[in-house]
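Fold and geometry: a report
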Amino acid sequence: MKKINCIILDDEPFAVKLMADYASKVPRLNVLYADSDVFKAIEILNTEAVDLVFIDIQMPQLTGIELMQMFNQKHNFVIASAYPDYALDVFQFHVIDYLLKPIVFNRFYQSVEKFIRWQETFQNHQTEDFLFVKADRKHHKIATENILYIEGLKDYIRIHTKGEKVMVLENMKDILEKLPINQFVRIHRSYIIPKNKIKIIEGNQIQLTSGEYLPIGETYRKLVSDWLS
């Protein structure tokens, strides 16, 4: 059974020691780092395959919320905090659970089980037929055949479908990696389209079967040209 690589980040040495001890009792967990240096944690998050991050909110160098803003779409978080006040604020991110200190082992273990269930339900069931995204504190299952196009809006993307528009805190690069490569193509820094929704390519724009005209960015012209050839 695949190990769950995790990081434990807290500015309280006792909290770090306690959660590291709890983690050692859970066979599925593989602790890559357990300490209080947020910049060391960032280095590991940038270089290693980290599945789960246990993190405090109030830290002196960089708050937990600031770190989640940096890595939200790449990692999953379990909050460990002495304050319940942040609960509503953090669930806009990929937060699996919210643990209130002092944390007992049973509650820690429940958060790991919750992550495993989430993996089995959503992460491992990402197929060419469906895309799972988190928006409005809910997980949305979107049929890829219903996607008209995806629009990049700074830190967000808007998924345009036949029946709705779903706004997701995600970037274009990461959402493209979740889509079946044989079905979607990026034509502009702000647009990803399904190949089977292309109606006409004329000059530097594409008309979709739904009627919209979208521009082809200069950087992506060769990509579109190679795909057509």
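For the structure, check the block above.
So, a few notes on the structure that sits alongside this text. Nothing here was measured: the structure is a model prediction, and the numbers come from that model.

The rules behind these values
Residues numbered from 1 in each chain as written. Predicted model: local features only at pLDDT ≥ 70, side-chain atom pairs only at ≥ 80, totals over all residues. Heavy atoms only, no water. Salt bridge = Lys/Arg side-chain N within 4 Å of Asp/Glu carboxyl O. Helix = DSSP H or I, 4+ residues; strand = E, 2+ residues; numbered from the N terminus. Buried < 20%, exposed > 50% of the residue type's maximum accessible area, 1.4 Å probe, protein only. Contact = heavy atoms within 4.5 Å. Arc of directions from axis to C-beta. Polar contact = N/O pair within 3.5 Å; in protein donor to acceptor, adjacent residues only side chain to side chain.

Glancing now at the pattern of salt bridges. Overall, the coordinates contain ten salt bridges when judged by the stated rule. Among the ionic pairs, Arg 107 bridges to Asp 97, the shortest N-O distance being 2.8 Å. Note that Arg 107 is positioned in helix α5 (residues 105-121) and Asp 97 in strand β5 (residues 95-100), a separation of ten residues in sequence. Salt bridges sharing partners connect three or more residues here, namely Asp 10, Glu 12, Asp 56 and Lys 101.

Let us look at unusual backbone geometry. For the bond running from Lys 101 to Pro 102, omega is -5°, close enough to zero to count as cis. Position of Pro 102 among the secondary structure elements: in the loop between β5 and α5. For Lys 154, which is not glycine, the phi torsion reads 60° and is therefore positive. Relative to the helices and strands, Lys 154 is located in the loop between β8 (147-153) and β9 (156-161). By relative accessible area, Lys 154 is classed as exposed at 82%.

With respect to the secondary-structure elements, Ala 80 resides in strand β4 (residues 76-81). Since its relative accessible area comes to 0%, Ala 80 is described here as buried. For Ala 80 and Pro 194, which are 114 residues apart along the polypeptide, the C-alpha to C-alpha distance reads 40 Å. Residues within four places of Ala 80 in sequence aside, it is in contact with Asp 10, Met 19, Ile 55, Asp 56, Ile 57, Leu 99, Lys 101 and Ile 103.

So, on to helix α2 (residues 38-47). Buried within α2 we find Val 38, Ala 41, Ile 42, Ile 44 and Leu 45. One face of α2 carries all of its buried residues, which in axial projection span an arc of 165°. Of the residues in α2, the exposed ones pointing more than 90 degrees away from the buried face are Phe 39, Asn 46 and Thr 47. Lining the buried residues of α2 we find β1 (4-9), β2 (29-35), β3 (52-55) and α3 (64-71). The N-cap residue of α2 is Asp 37: its side-chain oxygen and the backbone nitrogen of Phe 39 are 3.0 Å apart.

Everything listed is a geometric property; what it means functionally is a separate question.
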